Every structure is written in C-alpha cells, then in structure tokens.
Amino acid sequence: MNKNEVFCIVQNTFKNIFNDNDMVVNYRTNSDELENWDSLNHIKLMSAIEKEFNVKFALGELIELKNVEAIVNLMINEKLK
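Residues numbered from 1 in each chain as written. Predicted model: local features only at pLDDT ≥ 70, side-chain atom pairs only at ≥ 80, totals over all residues. Heavy atoms only, no water.

A. Fine view of the overall build of the chain. Within the chain one finds four helices and zero strands. Reading the chain from its N end, one meets helices and strands in the order α-α-α-α. On C-alpha atoms alone, the chain measures out to a radius of gyration of 11 Å, which is about the 12 Å that the 2.2 N^0.38 rule sets for 81 residues. In terms of overall dimensions, the chain has a C-alpha envelope of 30 × 25 × 20 Å along the principal axes. Counting every position in the chain, which comprises 81 residues, the buried fraction comes to 36%. A sequence separation of at least 24 residues applies to 57% of the contacts in the chain between residues at least 6 apart. Counting only carbon and sulfur atoms, one obtains 44% of the accessible surface of the chain, whose full area is about 5,200 Å². Each charge sign in the chain was given a centre, from 9 positive and 13 negative side chains, and these centres are 5 Å apart. (Helix = DSSP H or I, 4+ residues; strand = E, 2+ residues; numbered from the N terminus. Rg over C-alpha atoms; globule rule 2.2 N^0.38 Å. Buried < 20%, exposed > 50% of the residue type's maximum accessible area, 1.4 Å probe, protein only. Contact = heavy atoms within 4.5 Å. Areas by Shrake-Rupley, 256 points an atom, 1.4 Å probe, with all protein chains shown as cover. Lys, Arg positive; Asp, Glu negative; His and termini not counted. Charge placed at Lys NZ, Arg CZ, Asp CG, Glu CD.)

B. Summary view of the packing of aromatic side chains. Counted under the stated rule, the structure contains three aromatic pairs. Both rings, one in Phe-14 and one in Trp-37, keep their centres 5.1 Å apart while their planes meet at 80°; by these two values the pair is edge-to-face. Highlighted residues: Phe-14 in helix α1 (residues 3-17) and Trp-37 in the loop between α1 and α2 (39-53), separated in sequence by 23 residues. Grouping residues by exposure puts Phe-14 and Trp-37 together as buried. Among the aromatic residues, ring-to-ring pairing joins Phe-14, Phe-18 and Trp-37 into one connected group. One cation-aromatic arrangement involves Lys-3 over Tyr-27; the distance from NZ or CZ to the ring centre is 5.4 Å. (Phe/Tyr/Trp six-rings, centres within 6.5 Å; stacked < 30°, edge-to-face > 60°. Lys NZ or Arg CZ within 6 Å of the ring centre and 35° of its normal.)

C. Region of the structure containing the environment of Asp-20. Position of Asp-20 among the secondary structure elements: in the loop between α1 and α2. Relative accessible area serves as the criterion here: at 31%, Asp-20 is assigned to the partly exposed category. Separated by 14 residues in sequence, Asp-20 and Val-6 place their C-alpha atoms 19 Å apart. At a separation of 3.0 Å, a polar atom in the side chain of Asp-20 contacts the main-chain amide nitrogen of Asp-22. (Polar contact = N/O pair within 3.5 Å; in protein donor to acceptor, adjacent residues only side chain to side chain.)

D. Local environment of the side chain of His-42. Among the secondary structure elements, His-42 is positioned in helix α2. Separated by 2.9 Å, the side chain of His-42 and the backbone oxygen of Leu-62 make a polar contact.

Now the structure itself:
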C-alpha cells in the first residue's frame, strides 16, 4: 500500500469519525485546528484507524499522533511493513 492510498483511507476515517463528509483533510490537519478533535475523538479516531488497517498502536505512539502526516508516516514506515 502506498502513501496516497493510506492517506485516502485515513481521510475517509476522519470524515466518518467527525461525521462530516465535506471535511477538508490534508497532511497538516492537526488536533489544534479541528474543534472536535478532543481526547475522546482522538481515541475513537485511532481505534477506527487500527481497525481499518488491522494494526495496533502503542500508547506512546497514540500520544505522538497529532496530525495527519504523523499518522500516515507511522502507517507507512512502521505498521504496514
């Protein structure tokens, strides 16, 4: 799976979790700019991504995933190898 494919899946997951099909998600999208990206939705988002890709995140990884680029890079560089 390439970076663009991972990004598309992550983007769709954001739209589903935040219940907003018109949401614009890019690599710089982060928790500071999305009002609803609070700690509860972060857990929901990470859980949905885990299920989508059939992977598990360590607690330390969850804390570091604060923008879309970090999520995609972790998936490409570590989780989907």
